[in-house]
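Structural overview for review
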Amino acid sequence: MSVPGGSVPGMNRTDRLYALVEELRAVAPRPRSARQLAERYEVSTRTIERDILALQESGVPIYAETGRRGGYAIDKTLTLPPLNFTPAEMVAIAVSLARGENTPFAAATRSALRKVLATASAAETAAAGELMDRVRLIGAARPGPPASQAPPREPADGEPADGEGADGERADGERADGARADGEQAERELPARERAARRWAPPPAATVPLAIQEAITARHVLRITYRDRHDRETSRDIEPVAFAATRTEWYLMAWCRLRGGARAFRVDRILAADDTGEPASPRSYRDLHVDIPDAIVRRPDLRV
């Protein structure tokens, strides 16, 4: 909006009022004289005085300091800097609202999202909407679902997105029968300290979900390092399509180039994720043919 130390010609009054508050915040607790502000915004001192009066009447804590070095100052402790939410932050609020509609704070979350959207630009809202289109909530039905509705089967780590394949095997060559028990037995045989370290291991670095999110939006191929439920690590290139959340876990739904099919990867087991910059095929969530009834899959909405 402005260049520090320079003038700001041609600014309308609304923008100037906002800029005055930020100018006074930036130098607080030092004051700015009406003459200094008038020169900066290329208006008369009388215009500045009228603007300051309007801000004071609206509740902005601006006060006048007398003396040779006096002027207008603002109480910085009673004002907030501008809040610029990213598209991902807007989506985060909307997802929290969708997952917490039965909580006592649903109305407050809805109000917060409404305020954020009111100040967002059209470009930011459009970017948030595009990212929101890549989020699915599984089994998170609206309040009052039918009592007979059974909870969905949660995807296994790295398994085909449609569950068990025709050959009776899970992804990565894991047999559906007995493989889980073998893995649990192997874990029980580990020293107690190592078992505890695995159980309470910290979640993946914040850079992993961010890299996934950016690759989904940019439609780029990701190179990931993944640890499955049997503690096997693989490196593979995937085409990320969407985030999907069950009641307890978050998954990345993607097309796996290593296995040549759709796969569901538990996000907390993705150890590393690097954007290759290579364009991915324009796949959608529906293109993955996920075998989960549409009736129990929700897509959060920015409209409140």
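Starting afresh in each chain, residues are numbered from 1 along the sequence in its written order. Residues qualify for local features only when their pLDDT is at least 70, as the model is predicted, and side-chain atom pairs are given and counted only at 80 or more; totals for whole chains, interfaces and linings, by contrast, use all residues. The basis for every side-chain value is the complete set of heavy atoms in the structure, and neither hydrogens nor water enter the calculation.

Strands are labelled as partners when DSSP assigns at least two bridges between them. Under the scheme used here, helices are H or I runs from DSSP no shorter than 4 residues and strands are E runs no shorter than 2 residues, and both carry numbers assigned from the N terminus. Alignment of strand β5 (residues 220-227) against strand β9 (residues 270-279), held across six bridges, turns out to be antiparallel. Along β9, the bridge assignment pairs Arg223 with Asp274. Note: β5 against strand β6 (residues 233-245), six bridges, orientation antiparallel. The residue bridging Arg223 from the neighbouring strand is Asp237, located in β6. Remark: five residues form the turn of the hairpin made by β5 and β6, two consecutive strands paired antiparallel; Asp231 in that turn has positive phi of roughly 70°.

To continue, consider the packing of aromatic side chains. The way to describe two aromatic rings as a pair is by their centre distance and the angle between their planes. Only centres within 6.5 Å qualify two rings of Phe, Tyr or Trp (six-membered ring in Trp) as a pair; their planes then separate them into stacked at under 30 degrees, edge-to-face at over 60, and tilted for everything else. Evaluated as defined, the whole model comprises two aromatic pairs. Where Phe243 meets Trp250, the ring centres are 6.4 Å apart and the plane angle is 85°; that geometry is what we call edge-to-face. For Phe243, a relative accessible area of 12% puts it in the buried group. Two conditions define a charge sitting above a ring: the NZ of Lys or the CZ of Arg must be within 6 Å of the ring centre, and it must be within 35 degrees of the ring normal. Across the ring face of Tyr285, the terminal group of Arg136 is positioned such that the distance to the ring centre comes to 4.7 Å. Lying across the ring of Trp255, Arg283 places its NZ or CZ 4.2 Å from the centre. Here the term buried applies to any residue with accessible area under 20% of the maximum for its type, exposed to any over 50%, and partly exposed to those in between, with areas from a 1.4 Å probe on protein chains only.

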